[in-house]
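Structural overview
Residues per chain are reported as follows:
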Amino acid sequence: MNTVLICGGEINDEFSLVCLKQIKPDCIIGVDKGLEFCYRNHVIPDWILGDFDSISKEVIDWYREQQEIPIRQYKPEKDDTDARLGMELALKLGSDKIFLLGATGGRLDHYMGNLQSLQVPLKYGAKAWIIDSQNVITVWDSSFSVKKQDSFGKYISFLAMSEKVEGITLKGFKYPLLKYTMTNDDGIGISNEMQEDTVYVEFERGILLMIMSRDK
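Residues numbered from 1 in each chain as written. Predicted model: local features only at pLDDT ≥ 70, side-chain atom pairs only at ≥ 80, totals over all residues. Heavy atoms only, no water.

1. Re the environment of Ile69
Structurally, the position occupied by Ile69 is in the loop between helix H3 (57-65) and strand S4 (71-73). Given the relative accessible area of 7%, Ile69 is considered buried. Separated by 48 residues in sequence, Ile69 and Lys21 have C-alpha atoms that sit 21 Å apart. Those residues within four positions of Ile69 in sequence are excluded, and the remaining contacts are Ile44, Pro45, Asp46, Trp47, Ile48 and Tyr63. (Helix = DSSP H or I, 4+ residues; strand = E, 2+ residues; numbered from the N terminus. Buried < 20%, exposed > 50% of the residue type's maximum accessible area, 1.4 Å probe, protein only. Contact = heavy atoms within 4.5 Å.)

What follows is the structure, given as structure tokens:
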């Protein structure tokens, strides 16, 4: 099940509408200020949630009138961000692929929280991606491969999300690695490039952040 969370960070409408068309989500969750994107682009979410402290009254009132859309409202004083709550809802609904739009830009604390939240679906055998017009971001807890035709942008970077990622081997890259242990203060994985049609990322243990990116 593919689910898209439309969050309240910076969002490029044209790019995000293309993403929605390509993803063809089974479920759309409008998260707080992300509803403003939905409103101006006539997107009807399947679920709505948030504390609604940063959304215009006109928008949230319009969606409240659409009584067929379930709305979960939270107090602003809560332990999780709205995006994290949206991800947990997506998992409860049975999502195995979760895409976050509008999850970058704006406040840095919310962005960092969204990055950390990418690890949550791994516990359920699911995957999550943060997508904006310059980046596709995800995390891995086991070895994987990427086809060049499926990549996003020129650059591909790797950072340790756990304290360390042990035994990293990169094959098919401009800058290969062999059995390298990457710590979470290590910058060796930044701005690599794919040299072959399929690249391989192998590691023994840890959680690895992958960022595929392109310049403006």
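2. Quick word on the side chain of Thr138
Here Thr138 shows up in strand S7 (residues 135-140). Not counting residues within four places of it along the chain, the set of residues in contact with Thr138 comprises Leu118, Lys127, Ala128, Trp129, Leu208, Leu209 and Met210.

3. A look at the nonpolar core
Counting 44 residues, the largest nonpolar core has Ile6, Phe144, Phe158 and Leu208 as its most contacted members. A total of four residues in this core trace back to one element, the largest contributor, which is helix H1 (residues 13-23). Those residues in contact with Ile6 that lie beyond four places of it in its chain are Ile11, Leu20, Ile28, Ile29, Gly30, Val31, Gly34, Phe37, Cys38, Val43 and Leu101. Core analysis: the next-biggest nonpolar cluster, separate from the first, contains 27 residues, Cys27, Met87, Ala90 and Leu122 among them. (Core = buried A, V, L, I, M, F, W, Y, C linked by side-chain atoms within 4.5 Å.)

4. What about helix H5 (residues 108-117)?
Inspection of H5 places Gly113, Asn114, Leu115 and Ser117 among the buried residues, and these make up the whole buried set. Structurally, H5 contributes buried residues whose contacts are with helix H4 (82-92), strand S6 (127-131), S7 and strand S13 (208-213).

5. Describing the packing of aromatic side chains
The full count for this structure, using the stated rule, is seven aromatic pairs. With 6.4 Å between their ring centres and 65° between their planes, Tyr39 and Tyr63 make a pair best called edge-to-face. Taken as a pair, Tyr39 in helix H2 (residues 34-40) and Tyr63 in helix H3 lie far apart in primary sequence, 24 residues in all. Relative accessible area serves as the criterion here: at 28%, Tyr39 is assigned to the partly exposed category. For Tyr63, a relative accessible area of 1% gives the class buried. Measuring from ring centre to ring centre gives 3.9 Å for Trp140 and Phe144, while their planes differ by 10°; the resulting arrangement is stacked. Ring pairs connect the aromatic residues Tyr39, Trp62 and Tyr63, which therefore count as one cluster. Its end group placed over the ring of Trp129, Lys127 keeps NZ or CZ at 5.6 Å from the ring centre. Between the NZ or CZ atom of Lys127 and the centre of the ring of Trp140, over which it lies, the distance is 3.5 Å. (Phe/Tyr/Trp six-rings, centres within 6.5 Å; stacked < 30°, edge-to-face > 60°. Lys NZ or Arg CZ within 6 Å of the ring centre and 35° of its normal.)

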